[in-house]
Amino acid sequence: MRAATPEPSAGRRRGEGPVVGFDLDQTLVDSGPRISSCLRAALGEVGLPFDAAAAEAARGLPLSGTLAALVPPGRATPALLEDLAARYRAQDRRPDGEGGHPLVGPMPHARAALEAVVGGGGRAVVVSAKRGEAVGRVLAWAGLDDLVDAVAGDRFGVAKAGALLEQGAVVYVGDHPADVDAARAAGAAAVAVATGAHGPAALEALGADVVLPDLEAFPAWLEPWAARRRTA
């Protein structure tokens, strides 16, 4: 796997199966505890408290949006937010398990979901709001990088559509309402997993093609969907 920012890396694997895009945080990797820890450290460096409830409500947003939700409105100047973003990234670049930040591991059944794509002759790509270099690093920490063909970072919501279209993705899997929007903007099937901060009802209301409780059910959904697509 090769990471590229802002454009996605060129894919390596070619086959007859579908290209499937995946979101990263809380879809493929359980990075929530580490993100919260890095945010707490960055805010603490400038004397600001960490609001766990506000961080949870902002989960899935780009870093700029998360920080804006955590900094008191009277102090949320562009200069402070830029400084906090740099401090957060410095914390997040520390090797996994160092600096007191929790380890990043795969979400349950993430590897099986990727194997279902690759084993069926398809390609798995990751399109995330995270920076491209961070996407590749986190996938390696979670032990999933060998199954991912290409990554694109710095994309959120419908901005992900360009990367999905460039890679030829016909499915996009994510845990956030904005991931449903991204799939629809790219003309891809929107597969939502209720493993993030948003429940099935919210994801269904936005028009996801299917809402799964987690990635365990994804291979069983993908196989007949791909078969129908081949014969259509």
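The structure under discussion appears in the preceding block.
Please read these numbers as outputs of a predicted model, since none were measured by experiment.

Counting buried residues in strand S5 (residues 123–127) gives five out of five residues, a clear majority hidden from the surface. The alternating pattern of S5 places Arg123, Val125 and Val127 on one face and Ala124 and Val126 on the opposite face, and all of these are buried. Inspection of the sheet shows S5 paired to strand S6 (residues 150–152) by three bridges, in the parallel sense. Pairing of valine 127 across the sheet is with alanine 152, part of S6. You can see the chain leave S5, run along helix H6 (residues 132–141) and come back into S6, and the turn it takes is right-handed.

We now examine the packing of aromatic side chains. Across all of its chains, the model carries three aromatic pairs by this definition. Centroid distance phenylalanine 22 to phenylalanine 218: 5.7 Å. Interplanar angle 70°. Geometry classified as edge-to-face. Note that phenylalanine 22 is positioned in strand S2 (residues 19–22) and phenylalanine 218 in helix H10 (residues 218–231), a separation of 196 residues in sequence. Of the residues examined, phenylalanine 22 reaches a relative accessible area of 0% and is grouped as buried. Residue class for phenylalanine 218 comes out buried when judged on its relative accessible area of 0%. Here the aromatic cluster, defined as three or more aromatic residues joined through ring pairs, consists of Phe22, Phe218, Trp221 and Trp225.

With that out of the way, let us pick up unusual backbone geometry. A positive phi angle, close to 65°, is found at glutamine 26, a residue other than glycine. With respect to the helices and strands, glutamine 26 occurs in the loop between S2 and strand S3 (29–30). On the basis of relative accessibility, which here comes to 5%, the residue glutamine 26 falls in the buried class. Positive phi values are uncommon outside glycine, yet aspartate 154 reaches one of about 60°.

What follows covers the pattern of salt bridges. On inspection of all chains with the given rule, the structure shows twelve salt bridges. Residue arginine 111 pairs with glutamate 115 through a salt bridge whose shortest N-O separation is 3.4 Å. Residue arginine 111 and its partner glutamate 115 are located together in helix H5 (residues 110–119), separated by four residues, close to a single helical turn. Since its relative accessible area comes to 40%, glutamate 115 is described here as partly exposed. Between arginine 111 and aspartate 146 there is a salt bridge; the shortest N-O distance is 2.7 Å. Of this pair, arginine 111 sits in helix H5 while aspartate 146 sits in the loop between H6 and S6, and the two are 35 residues apart along the sequence. Each of the salt bridges in this network shares a partner with another, and the network as a whole consists of Arg34, Asp92, Glu133 and Arg137.

A few words now on H10. Between its first and last C-alpha atoms H10 spans 20 Å; for 14 residues at 1.5 Å apiece the expected length is 20 Å, and the two agree. Within the span of H10, buried status applies to Phe218, Trp221, Leu222, Trp225 and Ala226. Buried residues of H10, seen end-on, are gathered within an arc of 120° and therefore sit on one face of the element. Seen from the buried face of H10, the exposed residues on the opposite side, beyond 90 degrees, are Ala220, Glu223, Arg228, Arg230 and Thr231. For H10, the elements touching its buried residues are S2, H5, strand S7 (171–174), strand S8 (189–193) and strand S9 (210–212).

At a closest axis distance of 9 Å, the pairing of H5 and H10 adopts a crossing angle of 15°. Our classification of the angle between H5 and H10 gives roughly parallel. At the point where H5 passes H10, the crossing takes the right-handed sense. Of the residues in H10, those touching H5 at Ala112, Ala113, Ala116 and Val117 are Phe218, Pro219 and Leu222.

This paragraph deals with the packing of helix H3 (residues 63–70) against helix H4 (residues 78–92). Running from N to C, H3 and H4 cross one another at 115°; their axes reach a closest spacing of 10 Å. Regarding H3 and H4, the two cross each other, and that crossing is right-handed. Here H3 contributes Leu63, Leu67 and Ala68 to the contact with H4, which in turn contributes Leu81, Leu84, Ala85, Tyr88 and Arg89.

In this section: the nonpolar core. Phe22, Leu28 and Phe218 are the most contacted members of the largest nonpolar core, which totals 35 residues. Residue assignment for this core shows that the elements contributing at least two residues are S2, H5, S5, H6, S7, S8, S9 and H10. For this core, the element with the most residues is H10, which contributes five residues. Not counting the four nearest positions on each side in its chain, leucine 28 is found in contact with Phe22, Asp23, Pro106, Met107, Ala110, Leu114, Val126, Leu139, Leu144 and Leu215. Counting residues in hydrophobic clusters, the runner-up holds 19 residues, among them Val19, Ala182, Ala186 and Ala190.

Parameters and conventions
- Throughout this description, residue numbers start from 1 for each chain and increase along the sequence as written.
- With pLDDT at 70 or above as the cut-off, local features in this predicted model cover only qualifying residues; side-chain atom pairs require 80 or more to be listed or tallied, and sums for whole chains, interfaces and linings still use all residues.
- Just so you know, side-chain values use all the structure's heavy atoms and leave hydrogens and water out.
- A simple rule labels every residue: compare its accessible area, found with a 1.4 Å probe on the protein chains alone, to the largest value its type can have, and call it buried under 20%, exposed over 50%, or partly exposed in between.
- Only DSSP runs of H or I with at least four residues qualify as helices, and only runs of E with at least two residues qualify as strands; both kinds are numbered from the N terminus onward.
- In short, DSSP must find at least two bridges between two strands for them to pair.
- Look down the strands so they point away from you; if the path from the first strand over the helix to the second goes clockwise, the crossover is right-handed.
- The aromatic pairing rule takes the rings of Phe, Tyr and Trp, using the six-membered ring of Trp, and pairs them if the centres are within 6.5 Å, calling planes under 30 degrees apart stacked, those over 60 edge-to-face and the rest tilted.
- For this document, the term salt bridge refers to a Lys or Arg side-chain nitrogen within 4 Å of an Asp or Glu carboxyl oxygen.
- Here, expected helix span is obtained from the residue count minus one, scaled by 1.5 Å.
- For this quantity, the arc is that covered by the directions from the helix axis to the C-beta atoms.
- Here, two residues are considered to be in contact whenever any of their heavy atoms come within 4.5 Å of each other.
- Only the stretch in contact is used when a helix axis is fitted, and all axes are lines through C-alpha atoms; the angle between N-to-C directions ranges over 0 to 180 degrees.
- For classification purposes, angles smaller than 35 degrees are called roughly parallel, those larger than 145 roughly antiparallel, those between 65 and 115 roughly perpendicular, and all remaining angles oblique.
- What makes a crossing left-handed is the near helix being turned counterclockwise from the far one by less than a right angle; a clockwise turn instead makes it right-handed.
- Nine residue types can take part in a nonpolar core, namely buried Ala, Val, Leu, Ile, Met, Phe, Trp, Tyr and Cys, and a core is a set of them joined through side-chain atoms within 4.5 Å.

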